[in-house]
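Coordinate inspection notes
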Amino acid sequence: MTPQSLLQLTSQKCTTGCPILDRLLYGGIPCDSITEIVAESGSGKTQICLQLSLHAQLPVSHGGLAASSLYLHTEFPFPFRRLHQLCLSFRSSNAHHFPVNDNPCDRIFVQSVHTADHLLEIMSKTDPFIENSKNQVPVRLIVIDSIAALFRSDFDNNPVELKRRSSLFFKISSKLKALAKRFNLAVLVTNQVVDLVGPNEGINGLRIGNLVCLHTSGRRVCPALGLAWANCVNSRLFLSRNEEVIREENEKSNGQSCDFVKKKMRKLYVVFAPHLPESSCEFEITREGLFGVER
Amino acid sequence: MEIWRLPISASQRGKLISAGYTSLSSLSSISSSDLARELKVSESEAMNILKVASHSRGSETSNASCSIVEGAQTAWDMLHDEESLMHITTSSADLDNILGGGIHCKEVTEIGWSSLSLIVNSVLKYKLTTAFGSESIIFMLIGGVPGIGKTQLGIQIAVNVQIPNDFGGLGGKAIYIDTEGSFMVERAFQIAEACIEDMSEYNRFLRKDFQECKIKMLPQDILENIFYFRICSYTEQIALINYLDKFLSEHKDVKVIVVDSVTFHFRQDFDDMAHRTRVLSGMALKLMNLAKRFSLAVVLLNQVTTKHTEASFQLAFALGDSWSHTCTNRIVLYWNGNERYAYIDKSPSLRSASAAYSVTARGIRNSSSSCKRIKMM
């Protein structure tokens, strides 16, 4: 056992494909680390995952990992059409990095996962899979979308089951971390939210991270899977989605009328991360993908 | 002995130095009312400064010890040894204050909840004890929720232990055992850079001829002096701690071991809790032994968990009570409103106290609101 030299141990990042978001995240999603994205459905979790698995294929000089990715999805169906759409715009904007007849989708390995035990089984097969794929484009990114779906139905709310559940969290997390370290992988995990009722901040009055409370769609929420899982990830990001009503006054021929236009406000927050300060950034989702907005 | 070694707040130290008091002897014949007038502070504060000064002077002069049996010590000698022990500053003056000047060498501290805000802002206050012969072991357990700053504190300690002796530091090296993968080199570099900047600032402030003791340290040197081990399973963790004995005898200048976190790999795969307790206490015993033999500080970072008792949830250190009891010092880090706080939960020598701290780009510092308070005075 010899200590690793910190000078040679530079943490590589995988670009998100948007310079504004990359600046917020100091370069992107870090390798040898687990990053979690927490949000309610329809906030853009899957969008980030898809976009990242495409951008991981960019050469290192362009912020990517020059690598393929492993996409484990637990929510059905897998959004092939959206991936294809993103892939087209990704190819057209990065055409010079790829041969003409090359399809970036070929370097995203998709696997469905049904239960937590199934996930563990897949992860034990991942080691040889990544090792054998070395001669081709190596796998440097694992996406799990979402981890919460595996745990939200199969477990009863009693001490024995909850203990079994948290033990599984730590097993999955340490396996992921071991993989991340061995192959210098970036790991991106998504998580759902649960509504928060009552006056306390957080569940059981427990606050985790920079924000006193997470707000989305006008409700107070907190990440699913509780404190035990929060201990298992290295960084946590939160996406919020709020609708803002903007009044637009239109002058029409027959007097004045007011139109109420609903505008979606999406924001990304750093809840906690060992290398990032408390910060946030607005973003929008377009046909081409997910992009930060500077105000 | 110089003023800047006194365990007083940074602002008081600043006032003393700017009023021209640089050595302890210059304070020996002044009355508290005169000092209060000169420094524009309250008389009770001036009295407090003088008390601290005379106390430090006392410990400086009475170094003569006479042991009867070789190796045996009187409690009196041990007290002096302990006073001469160096501390590692936490970089937050408030936090250092509650820790009695920083983290002691030879003790183990577990950092767990939010009590870290007590880490003092003045960089140079974090001194580690280096006295030999004292039997008190620094074993500190620090615990807290994710995102409260445990890893930040761990990195800060690994950097601050390297502050040279001239600056009131230990000039030692650090072992960092990372079980969670949260150690970020870029962050350590940032903190090291800020630490060096603070030292040169201090240098300019204290000695006008800063040419003479210009800081030759680079952030790269600081990173080089952190021995970093990444651990992926609990068997590896135990093997590493068994191996540290050999490693430390080859690297005698290591003054602190940080384990971030001690808990992670023990929260899976253990069905037999009695077995887990035995393994853990064996590990704690070994660490304590190392702390004693090599006179270094052991800082264990711990996760917290919720404990379900009589239909209410309470926050508790992970891995159970028997494990927490082995640590001589326990610090809890927690959120209070929008501020991070550190609370001394258990300590043989410190009274329980809490202090606010904040995590800044430069590392752990006094909380900004307490800085404002100091400025207002």
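Look up a bit, the structure's there.
Residues numbered from 1 in each chain as written. Chains lettered and ligands numbered in written order. Predicted model: local features only at pLDDT ≥ 70, side-chain atom pairs only at ≥ 80, totals over all residues.

Scanning chain A from terminus to terminus reveals 7 helices and 14 strands. Relative to the compact-globule value of 19 Å for 295 residues, chain A shows a C-alpha radius of gyration of 20 Å, a close match. Its C-alpha atoms give chain A principal-axis dimensions of roughly 80 × 55 × 40 Å. Considering only contacts within chain A whose residues lie at least 6 apart along the sequence, 72% involve residues at least 24 apart. (Helix = DSSP H or I, 4+ residues; strand = E, 2+ residues; numbered from the N terminus. Rg over C-alpha atoms; globule rule 2.2 N^0.38 Å. Contact = placed C-beta atoms within 7 Å.)

Right, let's talk about the overall build of chain B for a bit. Secondary structure summary: chain B contains 12 helices and 15 strands in total. Relative to its full complement of 377 residues, chain B shows a buried share of 51%. Nonlocal contacts in chain B, meaning residues at least 24 apart in sequence, comprise 76% of its contacts between residues at least 6 apart. (Buried ≥ 20, exposed ≤ 12 C-beta atoms within 10 Å, placed from the backbone.)

Once that is clear, we can look at the interface of chain B and chain A. In this assembly, 36 residues from chain B lie in contact with 36 residues from chain A. Residue assignment for the side of chain B that touches chain A shows that the elements contributing at least two residues are α7 (185-206), α8 (219-224), β7 (226-230), α9 (234-250), β10 (304-309) and β11 (312-317) of chain B. A per-element tally of the side of chain B that touches chain A places β7 of chain B first, with 5 residues. For the side of chain B that touches chain A, the per-class residue count stands at 17 nonpolar, 12 polar and 7 charged. (Nonpolar A, V, L, I, M, F, W, Y, C, P; charged D, E, K, R; others polar.)

Our next topic: the sheet that holds strand β10 (residues 219-223) of chain A. Residues and elements named next belong to chain A. Across the sheet, 3 strands lie side by side as β8-β10-β9; this open sheet has antiparallel pairing. In the strand order of this sheet, the two ends are held by β8 (193-195) and β9 (214-216), each with one partner. Each neighbouring strand pair of the sheet contributes to a mean axis angle of 50°, computed without reference to strand direction. Sheet analysis places β8 next to β10, joined by 3 bridges and oriented antiparallel. If you follow D195 over to β10, its bridge partner there is V221. (Pairing = 2+ DSSP bridges. Axes fitted to C-alpha atoms, helices over the stretch in contact; angles between N-to-C directions.)

Glancing now at the nonpolar core. Ranked by size, the top nonpolar core spans 157 residues in total, and within it L141 of chain A together with V256 of chain B carry the most contacts. Formed by 10 residues, the second largest nonpolar core is a distinct cluster that contains L6, I8, L27 and L35 of chain B. (Core = buried A, V, L, I, M, F, W, Y, C linked by C-beta atoms within 7 Å.)

Moving on, we come to the packing of α9 of chain B against helix α10 (residues 273-293) of chain B. Residue and element names in this part refer to chain B. Closest axis-to-axis distance for the α9/α10 pair is 10 Å, and the angle between their directions is 15°. Taken together, the axis directions place α9 and α10 in an arrangement best described as roughly parallel. At the point where α9 passes α10, the crossing takes the left-handed sense. Contact residues: I238, I241, N242, L244, D245 and L248 in α9; V279, M283, K286, L287 and L290 in α10. Taken together, the residues of the contact of α9 with α10 break down into 8 nonpolar, 1 polar and 2 charged. (Parallel < 35°, antiparallel > 145°, perpendicular 65-115°, else oblique. Left-handed = near helix turned anticlockwise from the far one by under 90°.)

Residues and elements named next belong to chain B. Strand β13 (residues 339-346) sits mainly inside the fold: 6 of its 8 residues count as buried. In terms of strand pairing, strand β12 (residues 329-336) meets β13 through 7 bridges, oriented antiparallel. Bridging across to β13, V332 finds its partner in Y343. Connecting β12 to the antiparallel partner β13 that follows it, the hairpin turn spans 2 residues, and G337 within it adopts a positive phi of roughly 60°. The pairing of β13 with strand β14 (residues 354-360) spans 4 bridges and is antiparallel. Counted as the bridge partner of Y341 is A356 from β14.

Residue and element names in this part refer to chain A. Backbone torsion omega between F76 and P77 reads -5°, so that peptide bond is classified as cis. Among the structural elements, P77 can be located in the loop between β4 (68-73) and α3 (80-93). For Y26, which is not glycine, the phi torsion reads 55° and is therefore positive. Within the secondary structure, Y26 sits in the loop between α1 (19-24) and β2 (29-30). Residue A66 is not a glycine yet carries a positive backbone phi of 50°. Positionally, A66 belongs in the loop between α2 (45-55) and β4.

Let us now look at the environment of K125 of chain A. In this structure, K125 of chain A sits in helix α4 (residues 116-132). Separated by 14 residues in sequence, K125 of chain A and V139 of chain A have C-alpha atoms that sit 13 Å apart.

What follows deals with the environment of E282 of chain A. All names here are of chain A. With respect to the helices and strands, the residue E282 is situated in strand β13 (residues 280-286). A count of 15 C-beta atoms within 10 Å places E282 in the partly exposed class. As for E282 and M123, which are separated by 159 residues in sequence, their C-alpha atoms are 34 Å apart. When neighbours within four sequence positions are excluded, E282 is seen to be in contact with M265, R266, K267, G292, V293 and R295.

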